[in-house]
Amino acid sequence: NAGVTQTPKFRVLKTGQSMTLLCAQDMNHEYMYWYRQDPGMGLRLIHYSVGEGTTAKGEVPDGYNVSRLKKQNFLLGLESAAPSQTSVYFCASRPFAGVDYEQYFGPGTRLTVT
Amino acid sequence: EDQVTQSPEALRLQEGESSSLNCSYTVSGLRGLFWYRQDPGKGPEFLFTLYSAGEEKEKERLKATLTKKESFLHITAPKPEDSATYLCAVQVRAHKLSFGAGTTVTVRA
């Protein structure tokens with residue numbers, strides 16, 4: 001199993017450009033999450049999904065949109081990138097929501113917005 | 001508001017020099033506390049889940065403990081391969097993990 005994969009690994013955008021980050025998992029997990037990680041701060045939840053076709057806002061959703069058309073994929077979109085969105089983005093998945101189940105993280109996407 | 005604070009921010013150890021990392025939290029209704037390890041350029045990797053005060057878990061040179069207000073990650077006789085950033089996170093609701101900023105551990109041979 002590949003686990004959780006993310007594409008691309010690196011990306012540089014200019015302010016105002018748009019892009020989509022792709023997360024894929026092959027573990028048949030129901031729940032998927034998008035986080036951002038900034039220096040000196042903990043991982044912060046952007047959006048999450050509790051199943052195919054459903055999404056919900058997390059702690060810092062502004063400026064991002066998500067879609068989960070297929071169970072194995074969770075897409076994060078930036079419609080008009082801003083320098084404040086420079087960060088490392090992590091996708092995670094878990095089979096169930098209970099505390100007994102840890103989240104499995106992807107390798108991350110490093111995004112720079114100039 | 002849930003708060004998770006990790007200390008110290010960075011820790012430099014000599015190989016074999018045991019030490020502890022702290023994760024203090026202020027939350028309402030802790031369901032569980034997680035420890036993760038993160039290597040440079042990689043995603044966090046799960047280590048432990050602790051559920052209630054007094055609980056302890058061990059894995060190789062790592063031992064995690066939990067009280068009502070904080071958790072400790074003890075590293076016994078560390079090796080250079082234990083160098084990483086260690087993250088703790090608390091869960092109070094089904095889909096909400098609050099993460100600390102992490103402690104970066106460097107173990108010198």
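Not measured: the values here are computed from a predicted model.

Peer 1: Got a minute to help me understand the pattern of salt bridges in this structure?
Peer 2: Opposite charge on two side chains permits pairing when their charged atoms draw close. A full pass over the atoms with the stated rule returns eight salt bridges over all chains. The partner of Glu 55 of chain B in a salt bridge is Lys 57 of chain B, and the shortest N-O contact between them spans 3.8 Å. Classification of Glu 55 of chain B by relative accessible area gives buried; the value is 18%. Taken together, the shared-partner salt bridges connect Arg 36, Asp 38 and Arg 44 of chain A into one network.

Peer 1: What am I meant to see in the nonpolar core here?
Peer 2: Soluble globular proteins tend to pack their nonpolar side chains together in the buried interior. If you look at the biggest cluster of nonpolar residues, it comprises 22 residues, and the most contacted ones within it are Leu 21, Leu 33, Trp 35, Leu 73, Tyr 86 and Val 105 of chain B. Secondary-structure elements contributing two or more residues to this core are strand S2 (10-14), strand S3 (19-26), strand S4 (32-38), strand S5 (45-50), strand S7 (62-66), strand S8 (70-75), strand S9 (84-93) and strand S11 (103-108) of chain B. In terms of residue count, the dominant contributor to this core is S9 of chain B (four residues). Look past the residues within four positions of Val 105 of chain B in its chain and what remains in contact with it is Leu 11, Leu 13, Leu 21, Ile 75, Asp 82, Ser 83, Ala 84 and Tyr 86 of chain B. Within the second largest apolar cluster, 19 residues are counted, among which are Cys 23, Trp 34, Ile 46 and Val 113 of chain A.

Peer 1: It is not clear to me how the interface of chain A and chain B should be interpreted in this structure. Could you clarify?
Peer 2: In many analyses, interface size is given as the accessible surface area lost on bringing the parts together. Of the residues lining the interface, 23 residues belong to chain A; the matching set on chain B comes to 21 residues. When chain A packs against chain B, close to 1700 Å² is buried across both sides, 60% of that on carbon and sulfur atoms. The partner of Lys 96 of chain B in a salt bridge is Glu 59 of chain A, and the shortest N-O contact between them spans 4.0 Å. Between the two partners, chain A and chain B, sit six residue pairs in polar contact (both at pLDDT 80 or more). Secondary structure elements with two or more residues in the side of chain A that touches chain B: strand S4 (31-37), strand S5 (44-51) and strand S9 (87-94) of chain A. Examining the composition of the side of chain A that touches chain B, we find that four residues originate from one element, S4 of chain A, more than from any other.

Peer 1: Just to check I follow, could you spell out the environment of Tyr 64 of chain A for this structure?
Peer 2: All names here are of chain A. Positionally, Tyr 64 belongs in the loop between strand S6 (54-57) and strand S7 (65-67). Classification of Tyr 64 by relative accessible area gives buried; the value is 9%. Residues Tyr 64 and Leu 76, twelve residues apart in the sequence, show an inter-C-alpha distance of 6.8 Å. Those residues in contact with Tyr 64, other than ones at most four positions away along the chain, are Arg 36, Ile 46, His 47, Leu 76, Gly 77, Leu 78, Gln 85 and Tyr 89.

Peer 1: Which parts of the structure should I look at to understand the pairing of S7 of chain B?
Peer 2: Two faces, one strand: in a regular strand the side chains alternate between the faces of the sheet. Residue and element names in this part refer to chain B. Most of S7 sits inside the fold, with four of its five residues counted as buried. Where strand S6 (residues 56-59) lies against S7, four bridges are found, and the strand directions are antiparallel. Considered in S7, the bridge of Lys 57 is made with Ala 64. Counting the residues in the hairpin turn of S6 and S7 gives two residues, including Glu 60, whose phi is positive at 55°.

Peer 1: Just to check I follow, could you spell out the state of the cysteines for this structure?
Peer 2: In a disulfide, the sulfur atoms of two cysteines are held together by a covalent bond. By the definition in use, this model includes two disulfides over all chains. Each disulfide pairs two cysteine sulfurs, and for Cys 23 of chain A the partner residue is Cys 91 of chain A, the sulfurs being separated by 1.9 Å. Torsion about the S-S bond of the Cys 23 of chain A and Cys 91 of chain A cystine: about -75°, corresponding to left-handed handedness. Here Cys 23 of chain A is found in strand S3 (residues 19-25), whereas its partner Cys 91 of chain A is found in strand S9, with 68 residues between them in sequence. The exposure class of Cys 91 of chain A is buried, given its relative accessible area of 0%. Between the sulfur atoms of Cys 23 of chain B and its disulfide partner Cys 88 of chain B the distance amounts to 1.9 Å.

Analysis parameters
Residues numbered from 1 in each chain as written. Chains lettered and ligands numbered in written order. Predicted model: local features only at pLDDT ≥ 70, side-chain atom pairs only at ≥ 80, totals over all residues. Heavy atoms only, no water. Salt bridge = Lys/Arg side-chain N within 4 Å of Asp/Glu carboxyl O. Buried < 20%, exposed > 50% of the residue type's maximum accessible area, 1.4 Å probe, protein only. Core = buried A, V, L, I, M, F, W, Y, C linked by side-chain atoms within 4.5 Å. Helix = DSSP H or I, 4+ residues; strand = E, 2+ residues; numbered from the N terminus. Contact = heavy atoms within 4.5 Å. Buried area = accessible area lost by both parts, 1.4 Å probe. Polar contact = N/O pair within 3.5 Å; in protein donor to acceptor, adjacent residues only side chain to side chain. Pairing = 2+ DSSP bridges. Disulfide = S-S within 2.5 Å.

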